[in-house]
Each structure stands twice: as C-alpha cells, then as structure tokens.
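Examining the three-dimensional arrangement
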Amino acid sequence: MTDPTRLTLRRPDDWHLHLRDGAMLRAVLPWTAAVFARAIVMPNLAPPVATAAAARAYRDRIRAALPPDTGFTPLMTCYLTDTTNPDDLAAGHADGVFAAAKLYPAHATTNAAAGVTDVARLGPVFARMEEIGLPLLVHGEVTDPDVDVFDREAVFLDRVLAPLIARFSNLRVVVEHATTRDAVDFVTAHAATGRIGATITAHHLLINRNALFEGGLRPHHYCLPVAKRERHRLALVDAATSGPGPFFLGTDSAPHPVAAKECAAACAGLFTAPAALGLYAEAFQAVGRLDRLEAFASLNGPAFYGMPPNDTRVTLVHAPTPVPATVAAGPTPADAVVPFRGGATVAWRVERERDARPPPTDRGS
Ligand code: NCD
Ligand code: ZN
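Summarised in this report is the structure supplied together with it. (Residues numbered from 1 in each chain as written. Chains lettered and ligands numbered in written order. Predicted model: local features only at pLDDT ≥ 70, side-chain atom pairs only at ≥ 80, totals over all residues. Heavy atoms only, no water.)

What follows deals with the sheet that holds strand β8 (residues 196-200). Read across the sheet, eight strands follow the order β2-β3-β4-β5-β6-β7-β8-β9 without closing on themselves; strand pairing throughout is parallel. This sheet does not close on itself; its edge strands, each paired only once, are β2 (14-17) and β9 (247-249). Averaged over all pairs of adjacent strands, the angle between their axes in this sheet comes to 30°, without regard to strand direction. Direction of pairing for strand β6 (residues 136-138) relative to strand β7 (residues 173-175): parallel, over a ladder of three bridges. Paired with Leu136 across the strands is Val173, a residue of β7. (Pairing = 2+ DSSP bridges. Helix = DSSP H or I, 4+ residues; strand = E, 2+ residues; numbered from the N terminus. Axes fitted to C-alpha atoms, helices over the stretch in contact; angles between N-to-C directions.)

Next up, the structure:
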C-alpha cells in the first residue's frame, strides 16, 4: 500500500492520561482536549483521588479548565488504597463518576506512596468491582528491590496478575502502559475472554532503552515502566498494529516541571500530549500499517469499556509539524514542561473535522 498523505479516522480517546491539577492542569489539558474526545484520567494526585467525592471535585476542576467547545469528556478513576471502601467505589460507579479503579503497588511510581501494599487485602474491593463490572487498571510492576527494574513488569504478571485474574474470574483488567513482550503475550493469551485489555504508549512504540543513554543521561526519556530492549518494542508495535482486539491507545502523558526532570533524581514521566496522535501515526507508518490506527486509537478502547465510539472524525495530515520546545506551566521557567520531541517535529498534523482547528500553540503563562 502506498502511504496516504491524509488519513481520516473516528476521533480517538486516550485511555491513560495524567492531567495533574492547578496551573499544570490548565497548561496540559488543551493539548489532549484538542484531539481526543475522552480520556481516562489517572488519580495519582497528592493527595490521591481515592473517594467518589474527591473524583467528583477533580472532574469539576478539569471541566473548569477546559477551553470552550472541545467536546472533551474526562473519565475518572479511583486510586485504590489499603483502605478503599467498596461501598464508596460502587456508589461512585453508580453515580457515573468512576469509570475504573487504578491499582498502584505502593511506591511503584510517581505519587504511589499511598498505593496498595498487598493485593490480598483488597479481596472485597475486587469482588465488588467484578460484580458491578468496574474495570481494574493495573500499574503492573512489582516493587521488590531484589527484582531488576527491567523485569518488574514480567514478574508482576506472573506473581500478582495471573493469580488475581484466576481468583476473580470475571474481573475486567487493563494492563496499563504495557512495555514487554511478556505483557503482550499475557494479554493475547487471555484475549478470547474479552476481559483483559492493555494500553500502549506512543513512546514505548518509538524508543527502546538505548534512548535513556543517547549521548548522556536523558531524563526526558525516563518513565515508568522504563523502556525495554528493542525486541520488546517490536512486540509492542506488533500488538498495537494488530487491528481489532485487546490493545488500545493510552498515552500515559505524564508532565513534570523541568526542574523535577533535570536534576539528580529525575521524576518518571514523559509529556507526549502535544504530539501524541502524530507520534502513534509515525509508529504505525513505520511498519506500513496506518490502516490499523483507527482500531487501536478509536475503536478497541470503547469496545473494552462498553462505550460507543466517537461520532466525529479527525484527519491526520502528513506534514512535518513543530513540537514546542517547552510548554509554560507556571510563573517561572523551572515550572515549564519539556514535551517528548520538544523543539523538533512530528511527522503528522491533526485536524479536527468540526472546525479543522489545529492544536493550541504554547499560550505562555
Ligand atoms: C507517571 C506519573 O508521572 O504520574 N509516570 C510515568 O513514568 N508513567 C506515573 C505512572 O503512570 O507510572
Ligand atoms: Zn501513568
């Protein structure tokens, strides 16, 4: 197939996104809302979004930060802790506040200190989620310091997730930000059940772990789970471009102020929102599978979550498009965020059907 220069697809959704709060929320939200119709919003604020009331209030703050006419819907998640109340979770789901609940193993990643210390304690929570059909989103890494950081996802699948889905045989689970061939194989092996899905980020389709050390230590390529070997990246590309099925788009766009990235103990997280859909298109184009992008970006996620796909469309235009070097997110330069690919270009531009409006420019602080 010759590569098209324009590609129209149903408006996509982002099934894994960090929006933060306050000035950072106002700085990053317009980028996502300009392209994606819905996003699963991660609850790892400080303090975490761990109750229905907190999620409702956070949703209000997100709605208030939205530019006009984006037609964007935030889908909220509950941060599971050792003391999550199943009744509060179920009430939040019944009221349309919670679309899912997120399991962070304690200390696994940014703002995960309040995460779950032992999944065995959450039996009643998982049982209720299974009963009401609320999906469990997992940050699938063990935190055992004896396990090599590059093996933590594979060990989690084996030690934690396999027993969990065996015990709760109707629980719906999303393996978030899959980074290994092991995760792809695990999800594929359960695909027939329709209850296990996985999100894949754009950056894990585009870089392998070499990118962390290219000409020096690269904090803007450091995220969790950390990028793996090339053979894992290739497995992720195969999975993402496989068409209808359990793999769907989740950017894990995770902004941190530049001061928290360019320092001795850099925070984990890549800010991909300014170029996200174009980055995915690059990865699909590289293997000649742009025709499978719509399934991954716009159809598989809604199918898993039992939601309709979006009615409107976006068009990708093959044209080098600048990615801002920084996005201001507060009063000082140290508050700014450096996007993935910042200061360079992404190969595709996105136009929205309704108004053909390009994504926002960096509007300063
Ligand atoms: C995320 C963040 O910064 O909140 N960081 C990351 O590296 N992906 C947390 C997460 O999803 O692990
Ligand atoms: Zn994340």
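This brings us to the pattern of salt bridges. Enumeration according to the criterion identifies eleven salt bridges in this entry. The residue Asp238 makes a salt bridge to Arg289 at a minimum N-O spacing of 3.9 Å. Of the two residues, Asp238 is situated in helix α8 (residues 230-240) and Arg289 in the loop between α10 (276-286) and α11 (293-305); the sequence distance between them amounts to 51 residues. Overall, Arg289 belongs to the partly exposed group, its relative accessible area being 27%. What you see here is one network of salt bridges that share partners, running through Arg6, Arg349 and Glu351. (Salt bridge = Lys/Arg side-chain N within 4 Å of Asp/Glu carboxyl O. Buried < 20%, exposed > 50% of the residue type's maximum accessible area, 1.4 Å probe, protein only.)

Moving on, we come to the coordination of the zinc ion (ligand 2). Summarising the metal site, the zinc ion (ligand 2) is bound by the protein donors His16 (NE2), His18 (NE2) and Asp252 (OD), whose distances to it range over 2.0 to 2.1 Å. For the zinc ion (ligand 2), the four donor atoms in the first shell make angles of 92 to 139° at the metal, so the coordination geometry reads as irregular. Each donor residue of the zinc ion (ligand 2) belongs to the same chain, with the gaps between them written as H-x1-H-x233-D. Of this pair, His18 sits in the loop between β2 and α1 (22-33) while Asp252 sits in the loop between β9 and α9 (258-261), and the two are 234 residues apart along the sequence. Of the two residues, His18 and Asp252, both sit in the buried class. (Donors = N, O, S within 2.8 Å, 3.2 Å for Na, K, Ca; no water. Tetrahedral: all angles 85-135°; square planar, octahedral: opposite > 155°, others 65-115°.)

What surrounds ligand 1 is a group of 15 residues, the closest being Asn44, Thr109, Leu224, Asp252 and His256. In this structure, an oxygen atom belonging to ligand 1 sits 3.1 Å away from a side-chain N or O atom of Thr110. At a separation of 2.7 Å, an oxygen atom of ligand 1 approaches a polar backbone atom of Leu224. Here ligand 1 has 310 Å² of accessible area as a free molecule, and 100% of this is covered by the chains. For the shell around ligand 1, the class distribution of residues is four nonpolar, nine polar and two charged. (Near = heavy atom within 4 Å. Polar contact = N/O pair within 3.5 Å; in protein donor to acceptor, adjacent residues only side chain to side chain. Areas by Shrake-Rupley, 256 points an atom, 1.4 Å probe, with all protein chains shown as cover. Nonpolar A, V, L, I, M, F, W, Y, C, P; charged D, E, K, R; others polar.)

Right, let's get into the packing of aromatic side chains. Summed over the entire model, instances satisfying the criterion amount to nine aromatic pairs. On the numbers, 4.5 Å between centres and 15° between planes, the contact of Trp15 with Tyr305 is stacked. With Trp15 in strand β2 and Tyr305 in helix α11, this residue pair connects regions lying 290 residues apart in the sequence. A relative accessible area of 1% places Trp15 in the buried class. Arranged with centres 5.7 Å apart and planes meeting at 35°, the rings of Phe248 and Phe304 form a pair that is tilted. Separated by 56 residues along the polypeptide, Phe248 in strand β9 and Phe304 in helix α11 bring together distant segments of the chain. Within the aromatic cluster, the residues linked to one another by ring pairs are Trp15, Phe248, Phe304 and Tyr305. Arg172 extends its terminal NZ or CZ atom over the ring of Phe304, reaching a point 4.3 Å from the ring centre. Arg209 extends its terminal NZ or CZ atom over the ring of Phe150, reaching a point 4.6 Å from the ring centre. (Phe/Tyr/Trp six-rings, centres within 6.5 Å; stacked < 30°, edge-to-face > 60°. Lys NZ or Arg CZ within 6 Å of the ring centre and 35° of its normal.)

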